[in-house]
Every structure is written in C-alpha cells, then in structure tokens.
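# Per-entry structural report
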Amino acid sequence: MTAQMAIFAGYFVLVFAIGFYCLRITRDESDYWIAGGKLGWILGGATLAATHASAGTFVGTVGVIYTHGWSFAWIVLSIPAAYWFLAAVLAPRFAKTKELTLPAFLESRYRSLAVRRVSAALILVAIVVYVQAQIVAAGLIGNVVFGISPTSAMIGFTAVLLAYTALGGMLAVVYTDFLQLVVMVAGVAVALPLALQKLGGISGLFAAVHAMKPDTFGWESFPPERLVTMGIAFTLGTVATPEKLVRLYAMKDLPTIRKGVLFAFVAATGLNLVIFVIALATIVLFPALPTGDLAMPMVARALLPPVLGALLLAAITSAIMSTVDSLMLVAGSALSHDLFGTFRPGASPGTRLLVGRIGILVVGTAPLVLVVSGVGAGELVQFIVLLYTALMGSSFFAPVVIGVYWSRATKEGALAAMAGGLVTCFLWKAFGSADIDPVLPGLVASIALYVGVSLLFTRPPEFAPHTN
Amino acid sequence: LLLVLALLTARLEASGDGRVRLSYSLEIPEGVSSLGFSAFGASAIEDLSATASGESLVLSQERSGERLSGTLTLPKGARSPLGLEFQYRVHDAPIPVIIVDVEPGEARSGAFTARVELPAGTEEMVDFPSHGIRDDAGALAWELPVLPAFLSWGQPARPPASGVETPFAFWGLFAMNAAIVLLYVVWMRRAP
C-alpha cells in the first residue's frame, strides 16, 4: 500500500503544481474560462475526451456490465454519433460566436437575458446531480483501496479537486485533462492484458463468462426501449452539455475543432471498449461484489500488482477529476458570468473571477452534502450519470440545437423548453416507467413546448448567430 | 442471507495436491433450509463436502465446463450466525473459491482472508489476487474486502479455451465503431 500511497501523493502534487502554474499564467477572464480560445486539436481533443471519460466510464459502465451484461456496451455507439453531430452541426455556429459560456451563447441567440439566467440556473441544478455520481465513486475507491470510510474519502477528494479547479481555471483543467487522459490510457492498457492473462486470453475470457454467467451476451437484462432511450440520453448528454460545448470555444477555429472532435471520440470510444472487456473479466474474477460499482476499484486492488494498481487508481481518479473540474468550471462561470455578471454588469472582471471561484467552492460542496445525507444512496454510479445527461439533453437540445437552425424560435419558447424539459425529466424519474429513460419524455415535452410556445409569440426580428 | 466473514486455509503438498477449508460466517433469517453455491474452476475441485456447526450437510452439485454449482441442505433450526465450512481437495494452483449464494454484505477490509501453506522451496510469484504476502511461516496470505473467484500464484496462464464461439455482439461492436471512425475521416476531409 505504501507504493500506492506514494504514487497517489505524487499524482496529486503534480496536479496541484499544474493548477498553481496556470494561476500564474492566467491573465484575464478568457484565459480562465476558455483557455484563451486558442487550443490546438490535440489539447482540445484530449480535454474533450478526458471530460467525457468520467466515473461513469471507469466505475459506472463496468458496474452496469458487471450487473446487467454486455447489451449495455452498445451504448458506446452514442459517442461517435454525438461527436459527429457536434462537429458537423454545432461547431460551425459556436466557432463563429466565441462566447465564454453556453448561457451567453443562448442570450446571443435569443437576445434575452432571462434565457441566459434560467439556463445558468438549470446548469447548476444538473451539475449537482452529476458531481454526486463522481463523489460516490471516489468514496468507493477510498473505501476499498485505503480502507478509510467512504465519507472521509469523499470529503478529501472534493477538497483536493475544488482547490486546484478554483485556482487555475480552464487552463489548469486543460493541462490536467491531458495528463489525466494519458494516465487513463496507460492504466487500462496495463490492466487489460493482465485481466486476459488470468483467464487464458480472449477465448478463455469468453469461456469463463459463458460458464459463470451465460446470459451475459443476451439481450434480456435491458428491454430494447430502455437501451434505445438510454442511448438517446447519452447522445444528447454529449451534444447538449455545457462542459463539452464550451470546449468548442476553447479551440481556435473550425478545422481544429473537427480534428479535435475526431481525436476525442477515438480516444473516448477506445477507452470505453477496453474498459468493457475488463468489465467482462470482473464478472468471473470477482463473482460476489456487493455492488457492480466496486468492480473496477477491485481490478486495481486485487488484479494488478501494487504499483500498476496505483496507476489504474490514479486513472480512475483522473477520470473523475477531469470531469468534475470541468463541471465545476461550468458551474463557476454560470454563477459569476451568467448570473452575478448579469445582475451586476458594472462589476470588475476581478470581482467576477472572485465570485466564480467562490461559486466553484459552493457548488462543489453541495453534492457532497447531498451524498453524505443519503440522497441517491444505492444507485449505480452510471445511472446517476444517466440522469444528468437526461436533464441536460431534455433542457438544452431544443434551445441549442434546433435553435441554431429554426429562426422562428422565440425566447419564450426557449424558456418553456428548458424549464419544461427539466421538470418532465425529474417527474418521469420519480413517477414514470423504469423501462423508458426520462430523456425521452423530457425531450418530447421540451420540443413540443419550444415549438408550441414559439408559435404563440411574434416572430423574432433577427436570428443572432447568423449575423455574428 | 448475508455474508459476514470468509476464511480460506489450504495446505499444498510437494505433489501439488492440497486440502482446502473454506469457512463462512453467515447471517441467516429463521426458516432457511437450503443454500446455493457456485465456483469457477470445477475441474480442480474434488471430494467436496460441507459442515455446519460440526454437522455434515447433504449437498448436491452439478458441473458444467469450469462452473460448479450446487445446493446444500442446512440443519433444521439453523440460526445466525451460521458457521458453514466447505472442505475439498485441489491439485496445484489456482485454488477455486466456493461462493455461497448470499448477499455479499458491505465491502470492508478483511471480509475475506486466505492462507495457503506451500511446499518447502516453492518459488512463488503472487499472481491473483495480486496483494498477497508471504507470512513469517512461509505461507501466502491474502486479505480482501470481497471474495475472489480463485487464488493463484506463479503458474502459467490458463490454456486457451476451445468450443466457445466468439459472440457476434462482441466483435460486431468493435467493427461498427471502426467503420464510424473511417466514415468520419472521409467526411472531415470533404467538409467545407
């Protein structure tokens, strides 16, 4: 365990050093929120991929395949579908407008401060849900690997994360994301051959899985409608989530974005596929886990040698950190730029940055309080992630994606779509059928409100994004 | 039904033969009369028997490939905590761990411990689980928060299995993703 502790400590020191370095080179708000908007395709793609690979990938996906079988793996097709859509449909518009945040983009599209404020508030609500999943996963790792209580692990993890994100902003997040992607790829690249070696190669793996859980490759564990709607949720979760969209602003131009998106989805898809195979191995190697979410931490704890296990744990931690830091940044920008900044337009950039940093600390602490209070207890990590993607997709798909093409859409329609999508999604999660992911009713309600309410109001005079 | 603790001890002879004892402490509700179990590595398990509080239990077992599964009949009036012990013979590593069909309980340090005495002069290399250590008496010892499927050290990988077809759902997924990447590259080169 000493080697693991040393590797972990070294990793955190490096991340802090990057945060501190970025604090020193951050000159203005543009540097802090979108890394100056000058990223190349490797750094831009890496930060997209690292943000995509969250606890949902490393802990949640493995947990679902461990529990429900391979059919869930087909969800991975949502990644290239979503990124292609991002590059082909949204990137041209985003590259033109170069705003600092998604709510600012929506304000420019609808010429409405209310749209900006409401979207910022919705982002904050959804982010709390997503960060909850990441914190739960961090608690599991601390519990299994270091033997400390999940609550202590969650508190320690949140403290480290908030400190470097608040310090360094997007520049810190981009550079640490790159480091974290490298660590993630290295971690699974080492774990896969070792897992296969234990079971006699890929054919041995299939034989073992077939013997121990013969329905693994069947389609029984998820009804088709559930799989399809989960796929929609993940696709929309990639297309319409602010932490991904804002990365389009961070890259310097459209050709760079297209290359960066290719880099991102090849990296994210490859990472997922390798992790899926590792998940199959865990079905055989650890047949009696209390929760599937423990499968990947157990790979690090009991499959890999100590030093390599520490590397994989650093990878899992990286995945969590690279996602949460991005979310925190979005939350901070929503608070400082889109809420505080619009209520106090005369505030200096320095004051707005300070509010953003404080906001990051506050928004980062809220999910921890919820988790420790028992909210969402017992839910598989991936299903918490799924709720976040459903909330984001339901709220923002219509105003962002349809909005860039349909010039007849009004601010009233956008407001109704965002609020209606979010509320429907929550209501379906609480009272609706478990066989249909909440994203579908949420999306249908959101689009219906968007179109219906827009048509009730007079045609807007100008379609902003085309004029920029 | 809830797993509280599991302890495995084994002693291997120079011939590679060994005797395994696997003790479980279980919380069981009143009225439970039978208990299922399974293991990965059926071909290595011989002479399987089970006792509860010193009383021999009737067990049925079935082997399908490397999977062993079965049911044992608990003594009448069995109460919590139930001390259940499996005994079986193995030949060399890996040593399969028989998993009882109960709720695993919360993962915590030391929920599963194992100690395997090796013949003198064995040059072991801990293989799986990976964090095993050689104790003062020269035995290999493990402590884990959950049950592993088997214990192994120093032996070559299992020979590739035959007779199981690669599921289409597996390679099909990889092929579709590769095709999408190629299509994207073509699109990217032609996009204005």
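Residues numbered from 1 in each chain as written. Chains lettered and ligands numbered in written order. Predicted model: local features only at pLDDT ≥ 70, side-chain atom pairs only at ≥ 80, totals over all residues. Heavy atoms only, no water.

### So, the overall build of chain B
- Scanning chain B from N- to C-terminus turns up one helix and 15 strands.
- In chain B, which comprises 192 residues, the share counted as buried stands at 48%.
- At a minimum sequence separation of 6, the contacts of chain B that also span at least 24 residues come to 69%.
- Total accessible area on chain B stands at roughly 9,800 Å², and carbon and sulfur atoms take up 52% of it. (Helix = DSSP H or I, 4+ residues; strand = E, 2+ residues; numbered from the N terminus. Buried < 20%, exposed > 50% of the residue type's maximum accessible area, 1.4 Å probe, protein only. Contact = heavy atoms within 4.5 Å. Areas by Shrake-Rupley, 256 points an atom, 1.4 Å probe, with all protein chains shown as cover.)

### Section: the interface of chain B and chain A
- Across the contact, 47 residues belong to chain B and 53 residues belong to chain A.
- For the interface between chain B and chain A, the tally reads zero salt bridges.
- Applying the counting criterion to the chain B and chain A interface returns six residue pairs in polar contact (both at pLDDT 80 or more).
- Counting only elements with at least two residues in the side of chain B that touches chain A, the list comes to β3 (34-40), β12 (126-128), β14 (140-144) and α1 (168-190) of chain B.
- Residues of the side of chain B that touches chain A, tallied by class, amount to 34 nonpolar, seven polar and six charged. (Salt bridge = Lys/Arg side-chain N within 4 Å of Asp/Glu carboxyl O. Polar contact = N/O pair within 3.5 Å; in protein donor to acceptor, adjacent residues only side chain to side chain. Nonpolar A, V, L, I, M, F, W, Y, C, P; charged D, E, K, R; others polar.)

### Some details on the packing of helix α12 (residues 254-285) of chain A against α1(B)
- Put simply, α12(A) and α1(B) touch, their axes get as near as 11 Å, and they point 175 degrees apart. By the criterion of interaxial angle, the relationship of α12(A) to α1(B) is roughly antiparallel. Across the interface between the two elements, A:Arg258, A:Lys259, A:Val261, A:Leu262, A:Phe265, A:Val266, A:Thr269, A:Leu273, A:Phe276, A:Val277 and A:Leu280 from α12(A) touch B:Phe170, B:Leu173, B:Phe174, B:Asn177, B:Val181, B:Tyr184, B:Val185, B:Trp187 and B:Met188 from α1(B).
- A breakdown of the residues in the contact of α12(A) with α1(B) according to their chemical character gives 16 nonpolar, two polar and two charged. (Axes fitted to C-alpha atoms, helices over the stretch in contact; angles between N-to-C directions. Parallel < 35°, antiparallel > 145°, perpendicular 65-115°, else oblique.)

### A few points about the sheet that holds strand β6 (residues 58-64) of chain B
Residue and element names in this part refer to chain B.
- Strand order in the open sheet formed by four strands is β6-β7-β3-β10, with antiparallel pairing between adjacent strands. Each edge of the open sheet is held by one strand with a lone partner, namely β6 and β10 (99-100).
- Of the pairings in the sheet, the one linking β3 to strand β7 (residues 67-73) comprises seven bridges and is antiparallel in character. Bridge pairing links Gly36 to Thr71 in β7. (Pairing = 2+ DSSP bridges.)

### A look at helix α3 (residues 41-52) of chain A
Residue and element names in this part refer to chain A.
- In a regular helix each residue adds 1.5 Å, so 12 residues correspond to 16 Å; α3 covers 16 Å between its end C-alpha atoms and thus fits that length.
- Most of α3 is tucked away, with nine of its 12 residues classed as buried.
- All buried positions along α3 are accounted for by Gly44, Gly45, Ala46, Thr47, Leu48, Ala49, Ala50, Thr51 and His52. (Expected span 1.5 Å × (residues − 1).)

### A word on the side chain of A:Arg116
- Structurally, A:Arg116 can be placed in helix α7 (residues 113-146).
- When near neighbours in sequence (up to four residues on either side) are disregarded, A:Arg116 contacts A:Pro103, A:Ala104, A:Glu107, A:His337, A:Asp338 and A:Thr342.

### Section: the packing of aromatic side chains
- Within the structure shown, the criterion is met by 24 aromatic pairs over all chains.
- Between the aromatic rings of A:Trp70 and A:Phe217, the centroid separation amounts to 5.7 Å while the plane-to-plane angle is 45 degrees, which identifies the pairing as tilted. On the criterion of sequence distance, the pair formed by A:Trp70 in the loop between α4 (55-68) and α5 (78-97) and A:Phe217 in the loop between α9 (201-212) and α10 (224-239) is long-range, its members being 147 residues apart. Comparing A:Trp70 with A:Phe217, the two get one shared label, buried.
- Judged by centre distance (6.3 Å) and plane angle (85 degrees), the ring pair of B:Tyr24 and B:Phe86 falls under edge-to-face. On the criterion of sequence distance, the pair formed by B:Tyr24 in strand β2 (residues 17-27) and B:Phe86 in strand β8 (residues 82-91) is long-range, its members being 62 residues apart. The pair B:Tyr24 / B:Phe86 is uniform in exposure class, with both members buried. (Phe/Tyr/Trp six-rings, centres within 6.5 Å; stacked < 30°, edge-to-face > 60°.)

### Considering the environment of A:Val299
All names here are of chain A.
- Among the structural elements, Val299 can be located in helix α13 (residues 295-303).
- By relative accessible area, which is 1% here, Val299 ends up buried.
- The sequence separation of Val299 and Ile278 amounts to 21 residues, and the corresponding C-alpha distance is 8.4 Å.
- If we ignore the near neighbours within four places in the chain, the residues touching Val299 are Ala191, Ile278, Thr282, Phe286, Leu304 and Leu312.

### Overview of α9(A)
- Over its 12 residues, α9(A) extends 16 Å from the first C-alpha to the last, a length consistent with the 16 Å expected when each residue adds 1.5 Å.
- What α9(A) keeps buried is the set A:Gly204, A:Leu205, A:Phe206, A:Ala207, A:Ala208, A:Val209, A:Ala211 and A:Met212.

### What about unusual backbone geometry?
- Despite not being glycine, B:Asp47 has its phi angle at roughly 50 degrees, a positive value.
- Mapped onto the elements, B:Asp47 comes out in strand β4 (residues 46-52).

### Describing the environment of A:Ala208
- Locating A:Ala208 in the fold gives a position in helix α9.
- According to the relative accessible area criterion, A:Ala208 is buried, its value standing at 1%.
- A:Ala208 has contacts with A:Leu199, A:Val284 and B:Phe40, leaving out every residue within four places of it along the chain.

### Topic: the confidence of the model for chain B
All names here are of chain B.
- Summary statistics for chain B give a mean pLDDT of 84 and a share of 88% for residues scoring 70 or more.
- When mean pLDDT is taken per element in chain B, β4 scores highest with 93 and β12 scores lowest with 77.
- Here the prediction assigns the complex a pTM of 0.81, and the interface score ipTM is 0.89. (pLDDT = per-residue confidence, 0-100.)

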